[in-house]
Amino acid sequence: MYKAPRGTFDILPEEQAYWKYVEDKAVSLCRLYSYQPLSLPIFEDAQLFTRTVGGGTDIVDKEMYVFRDKSGQELALRTEGTAPVCRAYLEHGLFNLAQPVKLYYMGPVFRYERPQAGRYRQHHQFGFEALGDADPALDAEVIQMAWQFFLSLQLSGLSIQLNSIGCKLCRPEYLEALKQHYASYAQRLCPDCEVRLSRNPLRLLDCKKPSCQEIAKTAPKPTEYLCHGCRVHFESVQRYLATLSIPFELNSRLVRGLDYYTRTVFEVEPQGKGGQSSLGGGGRYDELIETLGGNPTPGVGFAAGLERIILNLKAQKRAVRALPRPVAFIAYLGEEAKIEAMKIASELRQAGIPIVMATGDKGLKWQMRQANSSGSRYAVILGKEELANRAVTVRDLGSGEQNSVPMTDIAKTLKRGRE
Ligand code: HAM
């Protein structure tokens, strides 16, 4: 027996109501803030991620699904959405439009991680990006949008963690100070952090090992090393958030797991949990588009993990609206009735009424069981007698009440029952 690959799962019909609930809220949010939809390929040139997300990150070093296609080109299943959005922005000359360009996307993302609750090898992200404007008001808008998204989902007990990690002007000095701090604890670092110390020191702050977290507690903070431009920008982001009454907590150890960030970084977390369980994260990436060969172009954005959102909706016992069910199940007895039933089903569907048509040659009891499990409100029954009278039996599957309805009136009767 084949099984879904480890770290992936099927989303069965009974789960779909949660997905639709979240996706609908995402689309409404983007409509409200005037972000345009963008659909992106599932795989990209592997270099797109290596150059932006960065060598030295877990995502690139350990988690990319990389393969060569038959032409020998090295491709990767997408590890995230921001770099592909920037690639599309450059490829289609979206920099020629009025800036900022505001886009959103949804779809699967692939990371070869150790699967556990809320951590999968295929997960789904909803993300949005604003490209072409460095105004801190845009950072505040993106954070406000993220916050409003979770409020609209009726999730409670969340917090926004906020930090600034500077830019290429001020980061080198900070990294030097950070390395010096960690070098004095070299004997106590975990093997991963030993590598981080030389390859990607910013990621030291993000280590989840208790012994490394102790060292992080006394480490220099990125905000203590911001250049004038970054400091003023970060102060403005905070002032705008306060203006918009968006709550946030400053977290000097928040660095995010991708290398392209500059200045603002933020995450939305369920209270009392560590960064492992963040529902979404984002920030500014003013150097990313230049890395891809474009002119210097600022950008800021956010992405949320849909699986984690749904886990939290269930944990908080949030009811979601069930998907629409069929209105009627059409049952028949005998070949002649079957032909008439097929015509009736066809006409009802033409009239916009969702129908389940019986199949096979089982008895009425069997068909009624099918009718009930289809979730239909009514059963429409045709036997010899009904055929002779040119009328069907319409049974309300909830109350058990049934009536004879002329064949010409079925649509009207079912529609009335639906109101
Ligand atoms: P990220 O923090 O890597 O950011 O992923 C965004 C969200 O996706 C996470 O907060 C989490 O909810 C979810 N997620 C990540 N990995 C997994 C996993 N293995 N299983 C389940 N859920 C997961 C980004 O990808 C950036 N592109 C976000 C961004 C957009 N920054 C700027 N614009």
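Keep in mind that this is a model prediction, so the values were computed, not measured. (Residues numbered from 1 in each chain as written. Predicted model: local features only at pLDDT ≥ 70, side-chain atom pairs only at ≥ 80, totals over all residues. Heavy atoms only, no water.)

### A short note on the overall build of the protein
Along the backbone of the protein there are 15 helices and 16 strands. Over its C-alpha trace the protein gives a radius of gyration of 28 Å, far above what one expects of a compact globule, namely 22 Å for 419 residues. Oriented by its inertia axes, the alpha-carbon framework of the protein measures out at about 90 × 50 × 45 Å. Scored against the burial criterion, the 419 residues of the protein give a buried share of 50%. Here the analysis covers contacts within the protein between residues at least 6 apart in sequence; of these, 70% occur between residues at least 24 apart. When the accessible surface of the protein is split by element, carbon and sulfur atoms take 51% of a total near 21100 Å². Taken as two groups, the 54 positive and 47 negative side-chain charges of the protein have centres that lie 4 Å from each other. (Helix = DSSP H or I, 4+ residues; strand = E, 2+ residues; numbered from the N terminus. Rg over C-alpha atoms; globule rule 2.2 N^0.38 Å. Buried < 20%, exposed > 50% of the residue type's maximum accessible area, 1.4 Å probe, protein only. Contact = heavy atoms within 4.5 Å. Areas by Shrake-Rupley, 256 points an atom, 1.4 Å probe, with all protein chains shown as cover. Lys, Arg positive; Asp, Glu negative; His and termini not counted. Charge placed at Lys NZ, Arg CZ, Asp CG, Glu CD.)

### Remarks on the domain arrangement of the protein
Taken domain by domain, the protein consists of domain 1 (13-170 + 226-315) and domain 2 (328-418). For domain 1 and domain 2, the distance between their C-alpha centroids amounts to 50 Å. (Domains from an automatic or database assignment.)

### Focus on the site of the ligand
Around the ligand, the structure places 27 residues, and the nearest of them are Glu 80, Arg 111, Glu 113, Glu 129 and Tyr 261. Within the side chain of Arg 111, one N or O atom sits 2.9 Å away from an oxygen atom of the ligand. A distance of 3.1 Å separates an oxygen atom of the ligand from a polar atom in the backbone of Leu 279. Here the ligand has 660 Å² of accessible area as a free molecule, and 97% of this is covered by the chains. (Near = heavy atom within 4 Å. Polar contact = N/O pair within 3.5 Å; in protein donor to acceptor, adjacent residues only side chain to side chain.)

### Structural notes on the packing of helix α1 (residues 16-32) against helix α5 (residues 136-152)
Relative orientation of the contacting elements α1 and α5 amounts to 140°, with a least axis distance of 10 Å. With respect to each other, α1 and α5 are oriented oblique. α1 and α5 meet at a crossing whose hand is right-handed. Each of Tyr 21, Val 22, Lys 25, Ala 26, Leu 29, Cys 30 and Leu 32 in α1 lies in contact with α5, whose residues at this interface are Met 145, Gln 148, Phe 149 and Ser 152. Class assignment for the residues of the contact of α1 with α5 results in eight nonpolar, two polar and one charged. (Axes fitted to C-alpha atoms, helices over the stretch in contact; angles between N-to-C directions. Parallel < 35°, antiparallel > 145°, perpendicular 65-115°, else oblique. Left-handed = near helix turned anticlockwise from the far one by under 90°. Nonpolar A, V, L, I, M, F, W, Y, C, P; charged D, E, K, R; others polar.)

### Focus on helix α11 (residues 306-315)
Taking burial as the measure, the ten residues of α11 include seven buried ones, the bulk of the element. Among all positions in α11, only Leu 306, Glu 307, Arg 308, Ile 309, Ile 310, Asn 312 and Leu 313 are buried. Buried positions along α11 lie against α1, β6 (122-131), α5, β9 (262-270) and β11 (299-305). Trailing α11 by a residue or two, Lys 317 shows a phi angle of about 55°, which is positive.

### Quick look at the pattern of salt bridges
Going through the model one piece at a time under the given rule, you end up with 21 salt bridges. For Arg 87, the salt bridge identified is with Glu 91, shortest N-O distance 2.9 Å. With Arg 87 and Glu 91 both in helix α4 (residues 82-91), this residue pair falls four residues apart, about one helical turn. For the salt bridge of Asp 286 with Arg 284, the shortest nitrogen-to-oxygen distance reads 2.8 Å. For the pair shown, Asp 286 and Arg 284 are each scored as buried. Each of Glu 44, Arg 87 and Glu 91 takes part in salt bridges that share partners, so that together they form one network. (Salt bridge = Lys/Arg side-chain N within 4 Å of Asp/Glu carboxyl O.)

### Notes on the packing of helix α2 (residues 46-54) against α4
Axis separation between α2 and α4 bottoms out at 9 Å; the angle between their running directions is 115°. By the angle between their axes, α2 is roughly perpendicular relative to α4. Crossing handedness for the pair α2 and α4: right-handed. Along the contact surface, α2 presents Leu 48, Phe 49 and Thr 52, while α4 presents Ala 83, Pro 84 and Arg 87. Across the contact of α2 with α4, the residue classes break down as four nonpolar, one polar and one charged.

### A short note on the pairing of strand β10 (residues 280-284)
Summarising burial for β10: five of the five residues are buried, a large majority. Two elements, β9 and β10, share five bridges in a ladder whose sense is antiparallel. Within β10, the position partnered with Thr 262 by the bridge is Arg 284. In this sheet, β11 lies alongside β10 in antiparallel orientation, the contact comprising five bridges. Residue pairing across strands places Gly 280 opposite Ala 304, the latter belonging to β11. (Pairing = 2+ DSSP bridges.)

### Here's the deal with the nonpolar core
Counting residues in hydrophobic clusters, the biggest one holds 48 residues, and the most contacted among them are Phe 128, Phe 149, Phe 150 and Ile 309. Mapped onto this core, the elements with two or more residues apiece are α1, β6, α5, β7 (158-164), α9 (228-243), β9, β11 and α11. Broken down by element, the residue count for this core peaks at nine residues, all from α5. Discounting chain neighbours no more than four positions away, the residues touching Ile 309 are Val 22, Phe 149, Phe 150, Leu 153, Leu 155, Leu 279 and Ala 304. (Core = buried A, V, L, I, M, F, W, Y, C linked by side-chain atoms within 4.5 Å.)

### Concerning the pairing of strand β15 (residues 391-396)
In terms of burial, β15 is a largely internal element, five of the six residues being buried. Pairing geometry for strand β14 (residues 378-382) and β15, over four bridges, is antiparallel. Residue Tyr 378 lies in a different strand from β15, and its bridge partner there is Asp 396. Pairing of β15 with strand β16 (residues 402-406), which is carried by five bridges, proceeds in the antiparallel orientation. Looking across to β16, one finds that Arg 395 is bridged to Gln 402. Hairpin connection between β15 and β16: a loop of five residues separates the two successive antiparallel strands, and Gly 400 in this loop has a positive phi of roughly 85°.

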